[in-house]
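So you can see what is in the structure, the chains are spelled out below.
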Amino acid sequence: MTGIRKKNITFKLTLALLSIGFLAFFSGLAVSGPRPGREKIKAIIIGDRLVDIAYNLGVVPDAMVVRCWGALPEKLTTVQFLGCPKRVVKKEKETVPNTAREKGLKRILIEKNEHFDIYLPEANPMKIVPLLESKRLQLEFVDFSEGIESAIRQTGKLLKRDKRAEELITAYKAALQKTKRRMPQEKLGKKVLILKGILVKKTGKPFIHVVAPNGYADRFFLEPMGCTNVGHLVKSEVAKVQKGCFPLRNLENIINAQPDVIIITGKSFAVEKMLQKALLKKPSLREVPAIKNYEIYSLPGYMDEWVVEYPYILRLWVSALYK
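Residues numbered from 1 in each chain as written. Predicted model: local features only at pLDDT ≥ 70, side-chain atom pairs only at ≥ 80, totals over all residues. Heavy atoms only, no water.

Remarks on the pattern of salt bridges
Under the counting rule described, the total for this entry stands at 13 salt bridges. Here Lys267 and Glu74 are joined by a salt bridge, their closest N and O atoms 3.3 Å apart. Separated by 193 residues along the polypeptide, Lys267 in the loop between β10 (261-266) and α11 (268-281) and Glu74 in helix α3 (residues 72-75) bring together distant segments of the chain. In this structure Glu74 comes out as exposed when scored by relative accessible area, which is 53%. Here Arg153 ties to Glu166 by a salt bridge, and the two come within 2.7 Å at their closest N and O atoms. Separated by 13 residues along the polypeptide, Arg153 in helix α7 (residues 148-158) and Glu166 in helix α8 (residues 162-182) bring together distant segments of the chain. Judged by its relative accessible area of 35%, Glu166 is partly exposed. Linked through salt bridges whose partners overlap, the residues forming this network are Asp48, Arg67 and Asp117. (Salt bridge = Lys/Arg side-chain N within 4 Å of Asp/Glu carboxyl O. Helix = DSSP H or I, 4+ residues; strand = E, 2+ residues; numbered from the N terminus. Buried < 20%, exposed > 50% of the residue type's maximum accessible area, 1.4 Å probe, protein only.)

Here it is in structure tokens:
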């Protein structure tokens, strides 16, 4: 067996193990008490992080208002998705009160968070409060200003799951500490390109978006390990950054960035298919360090919505970037 073939097999096995590990962790996070997502409460939850915490306490709402550019609408398909905070505050102001009336709901749980979204600061759940105060609804708040542990405890109290909340806090702290022990002591200095795969549902046509610098990936993964997002080096002059990403139509631009590592999020097949075509068209792409050294990894994306799962998602990124 040649050295290249061995590397290729090892690379594919690594990706498989990382994916299996993440799915196992995500499905089995709540090890005691109600299984996540099994009990539906008569309420509307507004805010990604609050929905995630409630989910991990064994609860989902009848309906939710979360960012449409995040992962929650696709993952929690049993919960009615009403749109993003900006939409229900500016474009369709009666969405939440109308849904509450139609479903016979009174409770509205709202995430209070000054840093709800770094891409669209105006998409903040608290901006809906003036629209609901006169609707005879029961507004309840979870304040995230004191961190995730405090938010879990507050949510547990509102949902009458105080004991489960303390168990979740203990599990979260242990997972985060374990992950931090695996992180490199010195800055890695690697150049990283993050490609998000997109598949059009009706046609299956693949597209690639690049995760731009100074976003969630930088803040939560790259910067703590001393890595640099080189996405800006593949950006064309006409490409526009929206919600932290921009389209990549010419994969030959990857040569300009010379990444040490390529991270694939979203629909990995889209990236793999387009990269395969680009390699056939432009063989010099094979000399890009990440491609030449098989440093290409499919990992979960992150927009600070899966806050309880963050320690394990971080662990996967550490495994990919740090040897």
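Quick word on the sheet that holds strand β4 (residues 107-112)
Taken in spatial order, the 5 strands make up an open sheet running β3-β2-β1-β4-β5, and their pairing is parallel. Every other strand in the sheet has two partners, leaving β3 (80-81) and β5 (138-143) as the edge strands with one partner each. Looking at chain direction, strand β2 (residues 59-65) and β3 are connected through 2 bridges and run parallel. Across the sheet, residue Met64 finds its bridge partner in β3, namely Phe81. The sheet strands contacting helix α2 (residues 48-56) are β1 (39-46), β2, β4 and β5, and the helix crosses β4 at an angle near 115 degrees. Packing against the sheet, helix α5 (residues 95-103) makes contact with β1, β2, β3 and β4, and its axis sits at approximately 160 degrees to β1. (Pairing = 2+ DSSP bridges. Contact = heavy atoms within 4.5 Å. Axes fitted to C-alpha atoms, helices over the stretch in contact; angles between N-to-C directions.)

Focus on helix α13 (residues 310-321)
With 12 residues, α13 extends 16 Å between its outermost C-alpha atoms, agreeing within 8% with the 16 Å of an ideal straight helix rising 1.5 Å per residue. Judged by how many residues are buried, α13 sits mostly within the fold: 11 of 12 residues are covered. Along α13, the residues classified as buried are Tyr310, Pro311, Tyr312, Ile313, Leu314, Arg315, Leu316, Trp317, Val318, Ala320 and Leu321. (Expected span 1.5 Å × (residues − 1).)

So, the pairing of β2
Of all 7 residues that make up β2, 7 are buried, and the element is covered over most of its length. Bridge count for β1 against β2 is 6 bridges, and the pairing is parallel. In the sheet register, Lys40 faces β2, and the bridge partner there is Val60. For the handedness criterion, the β-α-β arrangement of β1, α2 and β2 is classed as right-handed. (Right-handed = clockwise from strand over helix to strand, strands pointing away.)

Observations regarding the packing of α2 against α7
Put simply, α2 and α7 touch, their axes get as near as 10 Å, and they point 65 degrees apart. Here the hand of the crossing between α2 and α7 comes out right-handed. Contacts between α2 and α7 pair Leu50, Ile53 and Ala54 from the former with Ala151, Ile152 and Thr155 from the latter. Its residues assigned to classes, the contact of α2 with α7 comprises 5 nonpolar, 1 polar and no charged. (Left-handed = near helix turned anticlockwise from the far one by under 90°. Nonpolar A, V, L, I, M, F, W, Y, C, P; charged D, E, K, R; others polar.)

Here we look at the nonpolar core
Of all hydrophobic cores here, the largest spans 62 residues; its most connected members are Phe221, Ile263 and Trp317. In terms of residues, this core owes the most to one element, α13, which gives 9 residues. Not counting residues within four places of it along the chain, the set of residues in contact with Ile263 comprises Val192, Leu193, Ile194, Leu195, Tyr297, Leu299, Trp317 and Ala320. Counting 25 residues, the second largest nonpolar core, distinct from the first, contains Val230, Ile254, Ala257 and Leu285. (Core = buried A, V, L, I, M, F, W, Y, C linked by side-chain atoms within 4.5 Å.)

With respect to the confidence of the model for the chain
Across the chain, pLDDT averages 89, with 89% of residues at or above 70. pLDDT under 50 marks residues 1-37. Its contacts with residues more than four places away, or in other chains, come to 46 contacts. (pLDDT = per-residue confidence, 0-100.)

A word on the packing of aromatic side chains
On inspection of all chains with the given rule, the structure shows 8 aromatic pairs. Pairing Phe221 with Tyr302 gives two aromatic rings, centres 5.7 Å apart and planes at 65 degrees, and the pair type is edge-to-face. A residue pair is termed long-range when its members are at least 10 positions apart, and Phe221 in helix α9 (residues 216-222) and Tyr302 in the loop between β11 (296-298) and α13 qualify at 81 residues. Neither residue differs from the other here; Phe221 and Tyr302 are each classed as buried. Ring geometry for Tyr302 against Tyr310: centres 5.4 Å apart, planes inclined by 35 degrees, an arrangement best described as tilted. You can call Tyr310 buried: its relative accessible area is 12%. Put simply, the rings of Tyr119, Tyr216, Phe220, Phe221, Tyr302, Tyr310 and Trp317 touch in pairs and so form one group of aromatic residues. Between Arg67 and the ring centre of Phe116, over which it is positioned, the NZ or CZ distance is 5.3 Å. (Phe/Tyr/Trp six-rings, centres within 6.5 Å; stacked < 30°, edge-to-face > 60°. Lys NZ or Arg CZ within 6 Å of the ring centre and 35° of its normal.)

Looking at unusual backbone geometry
Even without being glycine, Lys243 reaches a positive phi, approximately 50 degrees. When you line up the elements, Lys243 lands in the loop between β8 (228-229) and β9 (245-247). Of the residues examined, Lys243 reaches a relative accessible area of 38% and is grouped as partly exposed. One non-glycine residue, Asp304, lies in positive phi territory at about 60 degrees. Among the structural elements, Asp304 can be located in the loop between β11 and α13.

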